[in-house]
Amino acid sequence: MKKSLKLAVAASVLATPAMAANLENPLYLPTAGEFYSKTGGGVMYKVTDDTDANKLKGHAGATEFPIWRVSEELGIGITDSIALRGSFAYTQADDIDRKGLNHGRLGLIWRPIETMDNIVLDIYADAHLGGVNKMRGAYTLDKGFKYDNYSNGRWGADVGVRFGKTWSKLTTSAFVEVLKTFGNDNNVIDVSALSIMGQPASIAGIPDEISVNLKSTTEINFGLNAFYQLTDRWSFGGGFKYNHHADNGVKSLSTDINYNPMFEAVAKPYVENLIDSLSDMNDGFDEYIVSLAVANQLTDTVQVALYGEYTFDTAHANSQNGSDVKAELGVRLNLQF
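1. Observations regarding the sheet that holds strand S8 (residues 155-167)
Move 1: Strand order around the closed barrel formed by twelve strands is S1-S2-S3-S4-S5-S8-S9-S15-S16-S18-S19-S20, with antiparallel pairing between neighbours. Sheet twist, expressed as the average angle between the axes of neighbouring strands with direction ignored, equals 20°.
Move 2: Judged from the 13 bridges that link them, strand S1 (residues 35-48) and strand S20 (residues 323-336) form a sheet pairing that is antiparallel. Pairing of Gly42 across the sheet is with Gly330, part of S20.

2. Details of the pattern of salt bridges
Move 1: Counting across every chain of the model gives eleven salt bridges.
Move 2: Put simply, Asp148 and Lys146 hold a salt bridge, and the shortest N to O gap is 3.8 Å.
Move 3: Across the pair Asp313 and Lys326 runs a salt bridge whose closest N-O atoms are separated by 3.9 Å. In this pair, Asp313 is assigned in strand S19 (residues 302-315) and Lys326 in strand S20, connecting sequence segments 13 residues apart. Take Asp313 and Lys326: they sit in the same class, and that class is buried.
Move 4: Overlapping salt bridges bring together Arg85, Arg105, Asp126, Asp158 and Glu177 as one network.

3. Digging into the sheet that holds strand S10 (residues 187-190)
Move 1: With mixed pairing, the four strands of this open sheet are ordered in space as S7-S6-S10-S13. Unpaired on one side and paired on the other, strand S7 (144-147) and strand S13 (209-210) mark the two borders of the sheet.
Move 2: The pairing of strand S6 (residues 135-140) with S7 spans four bridges and is antiparallel. For Ala138, the partnering residue across the bridge sits in S7 and is Lys146.

4. Considerations on the environment of Glu264
Move 1: Turning to its location among the elements, Glu264 is positioned in helix H3 (residues 264-277).
Move 2: Along the backbone, Glu264 and Gly205 are 59 residues apart, and their C-alpha atoms lie at a distance of 8.5 Å.

5. Remarks on H3
Given 3.6 residues per turn, any residue in an α-helix points the same way as the ones three and four places further on.
Move 1: Taking 1.5 Å per residue, 14 residues should reach 20 Å; H3 reaches 20 Å between its end C-alpha atoms and fits that length.
Move 2: Listing the buried residues of H3 in full gives Ala267, Val271, Leu274 and Ile275. Seen along its axis, H3 keeps its buried residues to an arc of 95°; they face one direction. Projecting away from the buried face of H3 at angles above 90 degrees are the exposed residues Ala265, Asn273 and Asp276.

6. Here we look at the side chain of Asn184
Move 1: You can see Asn184 is positioned in the loop between strand S9 (170-182) and S10.
Move 2: Exposure remark for Asn184: the relative accessible area of 17% places this residue in the buried category.
Move 3: Of the polar contacts made by the side chain of Asn184, one reaches the backbone oxygen of Gly153; its length is 3.1 Å.
Move 4: At 3.2 Å, the side chain of Asn184 forms a polar contact with the backbone nitrogen of Asn186.

7. Some remarks on unusual backbone geometry
Move 1: Here Phe65 and Pro66 are connected by a cis peptide whose omega angle stands at 0°.
Move 2: Among the structural elements, Pro66 can be located in strand S2 (residues 63-77).
Move 3: Unlike most non-glycine residues, Asp97 shows phi in positive territory, near 50°.
Move 4: Tracing the backbone shows Asp97 in the loop between strand S3 (82-93) and strand S4 (98-114).
Move 5: According to the relative accessible area criterion, Asp97 is exposed, its value standing at 54%.

8. Digging into the nonpolar core
Move 1: Residues Tyr139, Phe145, Ile189, Val191, Ile206, Val212 and Val250 are the most contacted members of the largest nonpolar core, which totals 24 residues.
Move 2: Among the elements that line this core, the one with the most residues is H3, at four residues.
Move 3: Setting aside chain neighbours within four positions, we find Val212 in contact with Asn184, Asp185, Asn187, Ile189, Val250, Ser252, Leu253, Ser254 and Ile275.
Move 4: By size, the runner-up hydrophobic cluster in this structure holds five residues, among which are Ala83, Ile109, Tyr124 and Phe175.

9. Quick word on the pairing of S6
Move 1: Here S6 shows a clear split, with Met135, Gly137 and Tyr139 buried on one side and none of Arg136, Ala138 and Thr140 buried on the other.
Move 2: Examined bridge by bridge, S6 and S10 share four bridges and lie parallel to one another. Bridging from a neighbouring strand, Ala138 pairs with Asp190 of S10.
Move 3: The turn joining S6 and S7, which pair antiparallel and follow one another in sequence, is formed by three residues.

10. What to know about the environment of Ala305
Move 1: By the secondary structure assignment, Ala305 is in strand S19.
Move 2: By relative accessible area, Ala305 is classed as buried at 0%.
Move 3: For Ala305, the contacting residues outside a window of four places in its chain are Glu24, Val294, Ala295, Gly330, Val331 and Arg332.

11. Quick look at the packing of aromatic side chains
Move 1: A complete count under the given rule lists seven aromatic pairs for this structure.
Move 2: Residues Tyr139 and Phe145 carry aromatic rings whose centres are separated by 4.9 Å and whose planes lie at 55° to one another, so their mutual orientation is tilted. Each member of the pair, Tyr139 together with Phe145, is buried.
Move 3: Grouped by ring-pair contacts, the aromatic residues Tyr139, Phe145 and Tyr147 constitute a single cluster.

Here is what the cut-offs are and how they apply
Residues numbered from 1 in each chain as written. Predicted model: local features only at pLDDT ≥ 70, side-chain atom pairs only at ≥ 80, totals over all residues. Heavy atoms only, no water. Pairing = 2+ DSSP bridges. Helix = DSSP H or I, 4+ residues; strand = E, 2+ residues; numbered from the N terminus. Axes fitted to C-alpha atoms, helices over the stretch in contact; angles between N-to-C directions. Salt bridge = Lys/Arg side-chain N within 4 Å of Asp/Glu carboxyl O. Buried < 20%, exposed > 50% of the residue type's maximum accessible area, 1.4 Å probe, protein only. Expected span 1.5 Å × (residues − 1). Arc of directions from axis to C-beta. Polar contact = N/O pair within 3.5 Å; in protein donor to acceptor, adjacent residues only side chain to side chain. Core = buried A, V, L, I, M, F, W, Y, C linked by side-chain atoms within 4.5 Å. Contact = heavy atoms within 4.5 Å. Phe/Tyr/Trp six-rings, centres within 6.5 Å; stacked < 30°, edge-to-face > 60°.

Next up, the structure:
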């Protein structure tokens, strides 16, 4: 009788569903057939720095608030060691009338190494989806570019490696990745405000909107993460991430211009000099992002996390992305099935 009781207890324990894997764990990887979603919503407070670009616009030291941020990451396990995943992010900054997708990736992650003492190594490759939307903006000689959205208009590829180890309740990890974007003319630039010899440039045959061939870029990101599973329901995490954003550059004019013969002798050199001056836009910047999060597992399939990020950055002279203050607070809803 006692033996039967022990067997029944053991069977009931084995039949009880295990606590779901924690999606806030930086080494989380879905198993075969498992689907997950991480939906974030946050608000950012920003004070711009005094780069030349911000000075030209009279925007140095200006406050931008609220900046609304929405993100989505989702994936599905193909096998226990391979998963398909994608991530997207949207930003809306009404103070500078700029909005749109600022991030997009779709790819595969593979875990070739997972040891008995909880050391893992992941390799991943993602398509960079910066070309989903055209880069849009306006250009004037006195103020430079005014961007309408956050897209660079370029497609590309991210390749990276992630590794880490778990000690009981503590998990630490690191990653490094390289992004290569491919130059194209997926952009629309409003130049209707340009003038030649005091006359609108359109008189010389220059259209109000043009496209340019942008150069390819190479960028690198790396980061460190720590995660602690305090109880079955509560967990904490923190991280540091470095993002290098390369200088953009114009390679050539993509739009064909039918010059007005009366102005061609002046207008053609004017356009050529303008394109040449933008061959190196000197608009790159580097970000150093510190993040913290606390999460509660409401059910086996639903988790809510509160997160905060603070970004330190250094920006080149023509960058409009540098800041003296950049802080974000938000919430994530994590689901897995």
